[in-house]
Amino acid sequence: MNKIFRTAATKLAEGGNIDEKYIELYAIAMETALAIFINAITVMLIGGILHMFWIGIWFLVSFIPLRTYAGGYHARGYISCYIGSCVLITLLLLFLKCIVLEKNMISGIWLLFFSSLPVIFLLAPLADENKPISEKEKKVFRKRAVLLLLVELLVVIFLVYLKNMYAYAVMAAIILCALLLVMHKCKEFKMRNIIDKS
């Protein structure tokens, strides 16, 4: 897929619309924008099918910015990433449905939520080999990830105070970000063991 966006960015440079030195940056930006758009539509569809459209929207609005700066595990290819995302989001929305509609597992989500806060605070950002970042970007991403985490924590507190069910969607976004960071660390550990054994 990167080839398509690289070609499009090259055409923009040939037409004088962008500077040649920004071809790669524009290709990545176009690919990222398309991925976010497709994932947003997918979350809305899954949310609609499960009768949880607005919870899906709250989840998405909370998840995308935090995930962007916190980083974590990324699947190798776009298709495997997309399929994995669909499965995770479906399971997450079903989990939220149990909590919101049936009032089950409320203590479970709170436990996961409070466990996730230090995970994100201590580990973010983690760049994957598929999405590397520089040391300078790492510092910027860390500040933004921590700031977003604090903002989302305040949103959760406010929504809980209002007894609003969307608090659980924001909590789920934080939990999933933490899970992806832990998965990244596990992948790193596994790779290190393979290298040490060889």
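This text follows the structure it describes.
Since the structure is predicted, the reported quantities are computational estimates derived from the model, not experimental observations.

Trainee: Explain a nonpolar patch on the surface to me, please; I cannot follow it from the model alone.
Mentor: Where nonpolar side chains cluster on the molecular surface, the patch consists of L34, F37, I41, L45 and I49 and spans about 500 Å² of accessible area. Within the fold, L45 resides in helix α2 (residues 23-49).

Trainee: Is there a simple way to think about the pattern of salt bridges in this case?
Mentor: Side chains that carry opposite charge are capable of pairing whenever their charged atoms lie near each other. This structure, assessed with the given rule, holds three salt bridges. The closest approach of N and O atoms between E24 and R6, which form a salt bridge, is 3.4 Å. One end of the pair, E24, is in helix α2; the other, R6, is in helix α1 (residues 2-14), and 18 residues separate them in sequence. Under the relative-accessibility criterion, R6 is labelled partly exposed at 39%. Notably, a salt bridge pairs E135 with K138, separated by 3.7 Å at the nearest N-O pair. Here K138 and E135 lie together in helix α6 (residues 135-161), a separation of three residues that amounts to about one turn.

Trainee: Before we go on, may I ask you to explain the packing of α2 against helix α3 (residues 53-70) in this structure?
Mentor: Helix-helix packing: each pair is described by the crossing angle between the helix axes and the interaxial distance. Remark: α2 packs on α3, axes separated minimally by 7 Å, with the N-to-C direction vectors making an angle of 150 degrees. Relative to α3, α2 is oriented roughly antiparallel. The crossing of α2 and α3 is right-handed. Across the interface between the two elements, I36, A40, V43, M44, G47 and G48 from α2 touch F53, G56, I57, L60 and I64 from α3.

Trainee: What's the story with the environment of S62 in this structure? I'm lost.
Mentor: Inspection of the secondary structure puts S62 in helix α3. Residues S62 and A169, spaced 107 residues apart in sequence, show a C-alpha to C-alpha distance of 7.9 Å.

Trainee: How do you make sense of the environment of Y82 when you look at a structure like this?
Mentor: Within the secondary structure layout, Y82 lies in helix α4 (residues 78-102). Ignoring any residue separated from it by four or fewer positions in sequence, one finds Y82 in contact with I38, N39 and T42.

Trainee: I keep staring at α6 and nothing clicks. Help me out?
Mentor: Since the α-helix packs 3.6 residues into each turn, any two residues three or four apart lie on the same face. Along its 27 residues, α6 runs 39 Å from first to last C-alpha, staying within 8% of the 39 Å computed at 1.5 Å per residue. Along α6, the residues classified as buried are F141, A145, V146, L149, E152, V156 and L159. Immediately downstream of α6, the backbone of K163 shows phi near 60 degrees, a positive value.

Trainee: Looking at this model, I keep getting lost on the environment of K163. Mind explaining?
Mentor: When you line up the elements, K163 lands in the loop between α6 and α7 (166-197). What makes K163 exposed here is its relative accessible area of 77%. When the C-alpha positions of K163 and I175 are compared, they lie 20 Å apart, and in sequence the two are twelve residues distant.

Trainee: Just to check I follow, could you spell out the side chain of S62 for this structure?
Mentor: Residue classification places S62 among the buried residues on the basis of a relative accessible area of 6%. Ignoring anything within four residues of it in the chain, the contact list for S62 reads E152, V170 and A173.

Trainee: It is not clear to me how the nonpolar core should be interpreted in this structure. Could you clarify?
Mentor: Nonpolar side chains in soluble globular proteins generally cluster together in the buried interior. If you look at the biggest cluster of nonpolar residues, it comprises 43 residues, and the most contacted ones within it are I55, F59, L96, I120 and I174. The element best represented in this core is α7, accounting for 15 residues. Counting six residues, the second largest nonpolar core, distinct from the first, contains A9, I18, I23 and A27.

Trainee: What is the right way to look at the state of the cysteines in this model?
Mentor: One covalent bond between the sulfur atoms of two cysteine residues makes up a disulfide. On inspection of all chains with the given rule, the structure shows zero disulfides. With no disulfide of its own, C186 lies 16 Å from the sulfur of C177, the closest cysteine sulfur.

Trainee: Sorry, what's going on with the packing of aromatic side chains here?
Mentor: Describing an aromatic ring pair means giving the distance of the ring centres and the angle of the ring planes. What the rule picks out here adds up to seven aromatic pairs. With 5.3 Å between their ring centres and 15 degrees between their planes, F59 and F63 make a pair best called stacked. A residue pair is termed a helical-turn pair when its members lie 3 or 4 positions apart in one helix, as F59 and F63 do in helix α3 at four residues. Owing to a relative accessible area of 14%, F63 belongs among the buried residues under this scheme. When the centroid spacing of 5.9 Å and the interplanar angle of 85 degrees are considered together, the rings of W110 and F113 count as edge-to-face. One end of the pair, W110, and the other, F113, are both in helix α5 (residues 106-123), three residues apart, so they sit about a helical turn from each other. Note on W110: relative accessible area 24%, which makes it partly exposed. What links up through ring pairs into an aromatic cluster is the set W110, F113 and F114. Of note, R142 hangs over the ring of F121, and the distance from its end group to the ring centre comes to 5.1 Å.

Thresholds, definitions, all that
Residues numbered from 1 in each chain as written. Predicted model: local features only at pLDDT ≥ 70, side-chain atom pairs only at ≥ 80, totals over all residues. Heavy atoms only, no water. Patch = residues over 30% accessible without salt bridge, like charges linked within 9 Å, V, L, I, M, F, W, Y side chains within 5 Å. Areas by Shrake-Rupley, 256 points an atom, 1.4 Å probe, with all protein chains shown as cover. Salt bridge = Lys/Arg side-chain N within 4 Å of Asp/Glu carboxyl O. Helix = DSSP H or I, 4+ residues; strand = E, 2+ residues; numbered from the N terminus. Buried < 20%, exposed > 50% of the residue type's maximum accessible area, 1.4 Å probe, protein only. Axes fitted to C-alpha atoms, helices over the stretch in contact; angles between N-to-C directions. Parallel < 35°, antiparallel > 145°, perpendicular 65-115°, else oblique. Left-handed = near helix turned anticlockwise from the far one by under 90°. Contact = heavy atoms within 4.5 Å. Expected span 1.5 Å × (residues − 1). Core = buried A, V, L, I, M, F, W, Y, C linked by side-chain atoms within 4.5 Å. Disulfide = S-S within 2.5 Å. Phe/Tyr/Trp six-rings, centres within 6.5 Å; stacked < 30°, edge-to-face > 60°. Lys NZ or Arg CZ within 6 Å of the ring centre and 35° of its normal.

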